[in-house]
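Structural description and commentary
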Amino acid sequence: MTLVSGESSDRETESFVSRFLHSEAAPPSRWRRLVQDMADLFFPERCLLCGSLQALPAKGICTDCLELFEPVLPPYCTRCGDPIPAGAEKRTASSGDTELHCLHCRQGQSPEPVVVTRSLFVYLGPAHRLTLRAKGGDENAAWLMALLLEHAMGSPFERNEGPDWVVPVPQTRLRYGQRGFGVTDVLGRRMAHRLACSFQPSVLQRRHGGRNQVGLKRDERLQNPWDQYRLKGSANPEGKRILLVDDVRTTGATLSACAKCLLDGGAKAVRGLTFARSE
């Protein structure tokens, strides 16, 4: 999976913004266009992040805020997919390694099974605020996250081997009841549409009573989620290539715990995709 190509951070961001600005849904009907024009006139759309009336039509964000997002850029760890800090790849190459590995993988501190994961944005600034809004119950924020993910990311599977299923990391029934929707469901559904594969929101189930990962230290995060997820009784992932979708990746333990359930159930391969990567 790659972000829109570019040789520097500025060019990468510029290319991403341009691609997003020119993305369009199916052409609206004449009547729908008229209704939308009237709505724009009397109820101008505000940017979800700054509240300005300069939001792009049907996107919910202004260009100024869009340009503040910080993409996660290569080089990536060839084992887990984490970004490698600038200069570290030169040190790795000089040590004789033929593959680029992040610090956690080199030290054996990445959770097993390792899930090759790509993330769109660094979990700072607007990406952080937008995610918090979505987790707080703002479905428009979740929709915007999905739209950004859909138009900027591709599949982490090898070329010509796209996923058979897109599976969202499940949330608890309590969270779903509080929000009325699932953030990862919204992200996963859009990616399944983008990749023309089956969206499977009911394959995994989260057990009741588990601790939330928020606020835990790294070693606690690595141990916490392993008994919290399971395959639903009727789910059969045997032979499937599966794309796991989550909102934020920190240690990768949640994705690994979910991947273990799928691999134990016979899945052929599991990759990960998240909206943001927390340092």
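What this report covers is the structure whose coordinates are included nearby. (Residues numbered from 1 in each chain as written. Predicted model: local features only at pLDDT ≥ 70, side-chain atom pairs only at ≥ 80, totals over all residues. Heavy atoms only, no water.)

**A short note on the nonpolar core**
Basically, it comes down to this: As used here, the term nonpolar core means buried Ala, Val, Leu, Ile, Met, Phe, Trp, Tyr and Cys residues forming a set that is joined through side-chain atoms within 4.5 Å. To sort residues, take the accessible area from a 1.4 Å probe on protein chains only and compare it with the maximum for the residue type: under 20% means buried, over 50% means exposed, and anything in between is partly exposed. Counting from the N terminus, the helices are the DSSP runs of H or I reaching at least four residues and the strands are the DSSP runs of E reaching at least two.
Among the nonpolar cores identified, the biggest contains 39 residues, and Ile61, Phe69, Leu120, Leu130, Leu148, Leu187 and Phe275 are the most heavily contacted of them. Listed by contribution, the elements that provide at least two residues to this core are helix 3 (63–66), strand 1 (117–122), helix 6 (125–135), helix 7 (139–152), helix 9 (183–195), strand 6 (241–249) and strand 7 (269–277). Grouped together as the second largest cluster of nonpolar side chains are 18 residues, Ala235, Leu244, Cys261 and Val270 included.

**Considering the packing of aromatic side chains**
Quick note on the threshold: Two rings from Phe, Tyr or Trp (for Trp, the six-membered ring) form a pair when their centres are within 6.5 Å of each other. A pair whose planes differ by under 30 degrees is stacked, one over 60 is edge-to-face, and the rest are tilted.
For the structure shown, the criterion picks out 2 aromatic pairs. A centroid spacing of 4.6 Å and a plane angle of 40° characterise the contact between phenylalanine 69 and phenylalanine 121, whose relative ring orientation is tilted. Highlighted residues: phenylalanine 69 in the loop between helix 3 and helix 4 (88–94) and phenylalanine 121 in strand 1, separated in sequence by 52 residues. Accessibility expressed as a relative area gives 2% for phenylalanine 69, which makes it buried. In textbook terms, an aromatic cluster arises when at least three aromatic residues are bridged by ring pairs, as seen for Phe69, Phe121 and Phe275.

**Here's the deal with the packing of helix 7 against helix 9**
For the record, the criterion: Comment: axis = line fitted to C-alpha atoms, over the contacting stretch for helices; angle = value between 0 and 180 degrees taken between N-to-C directions. Note on angle classes: values under 35 degrees are labelled roughly parallel, values over 145 roughly antiparallel, values of 65 to 115 roughly perpendicular, and the remainder oblique. With the far helix as reference, a near helix turned anticlockwise by less than a right angle produces a left-handed crossing, and one turned clockwise produces a right-handed crossing. We call two residues in contact whenever any of their non-hydrogen atoms come within 4.5 Å of each other. Residue polarity follows a fixed list, in which Ala, Val, Leu, Ile, Met, Phe, Trp, Tyr, Cys and Pro are nonpolar, Asp, Glu, Lys and Arg are charged, and the others, Gly among them, are polar.
For the pair helix 7 and helix 9, interaxial distance at closest approach is 9 Å and the crossing angle is 30°. By the angle between their axes, helix 7 is roughly parallel relative to helix 9. In the packing of helix 7 onto helix 9, the handedness of the crossing is right-handed. Residue-level inspection shows Ala142, Trp143, Met145, Ala146, Leu147, Leu149, Glu150, His151 and Ala152 of helix 7 in contact with helix 9, the latter providing Val183, Val186, Leu187, Arg190, Met191, His193 and Arg194. Grouping the amino acids of the contact of helix 7 with helix 9 by side-chain chemistry returns 11 nonpolar, 2 polar and 3 charged.

**Topic: the sheet that holds strand 3 (residues 198–199)**
Stated formally: Pairing between two strands requires that DSSP report at least two bridges joining them.
Taken in spatial order, the 5 strands of this open sheet run 1-7-6-2-3, and their pairing is parallel. Either end of the sheet is taken by a strand with one partner, and the two such strands are strand 1 and strand 3. Note that strand 2 (residues 165–168) and strand 6 share 4 bridges and pair parallel. Bridging across to strand 6, tryptophan 165 finds its partner in isoleucine 242.

**Looking at the pattern of salt bridges**
Our working definition: Note on definitions: salt bridges are taken to be side-chain nitrogens of Lys or Arg within 4 Å of carboxyl oxygens of Asp or Glu.
Using the criterion set out here, one finds 7 salt bridges in the structure. Here aspartate 247 and lysine 135 are joined by a salt bridge, their closest N and O atoms 3.6 Å apart. With aspartate 247 in strand 6 and lysine 135 in helix 6, this residue pair connects regions lying 112 residues apart in the sequence. Note on lysine 135: relative accessible area 29%, which makes it partly exposed. When salt bridges with common partners are traced through the structure, they connect Asp82, Arg249 and Arg277 into a single cluster.

**Quick word on the environment of glutamine 171**
By the element assignment, glutamine 171 lies in the loop between strand 2 and helix 8 (173–179). As for glutamine 171 and leucine 204, which are separated by 33 residues in sequence, their C-alpha atoms are 9.6 Å apart. Excluding anything up to four places from it in sequence, glutamine 171 contacts Tyr176, Arg179, Phe181, Gly182, Val183 and Arg206.

**What about helix 9?**
Put simply, the test is: How far a helix is expected to stretch is found by multiplying one less than its residue total by 1.5 Å.
Look at helix 9: 19 Å from first C-alpha to last across 13 residues, which is about the 18 Å you get at 1.5 Å a residue. For helix 9, the full list of buried residues reads Val183, Thr184, Asp185, Val186, Leu187, Gly188, Met191 and Ala192. Within two residues after helix 9, alanine 196 carries a phi angle of roughly 55°, on the positive side.

**What about the pairing of strand 2?**
The alternating pattern of strand 2 places Trp165 and Val167 on one face and Val166 and Pro168 on the opposite face, and all of these are buried. Strand direction decides the pairing type here: strand 2 and strand 3, joined by 2 bridges, are parallel. Considered in strand 3, the bridge of tryptophan 165 is made with serine 198.

**Points about the environment of leucine 103**
Tracing the backbone shows leucine 103 in helix 5 (residues 103–106). A residue is classified by how much of its surface remains accessible, and leucine 103, at 46% relative accessible area, is partly exposed. C-alpha of leucine 103 to C-alpha of cysteine 77: the two residues are 26 residues apart in sequence and 9.1 Å apart in space.

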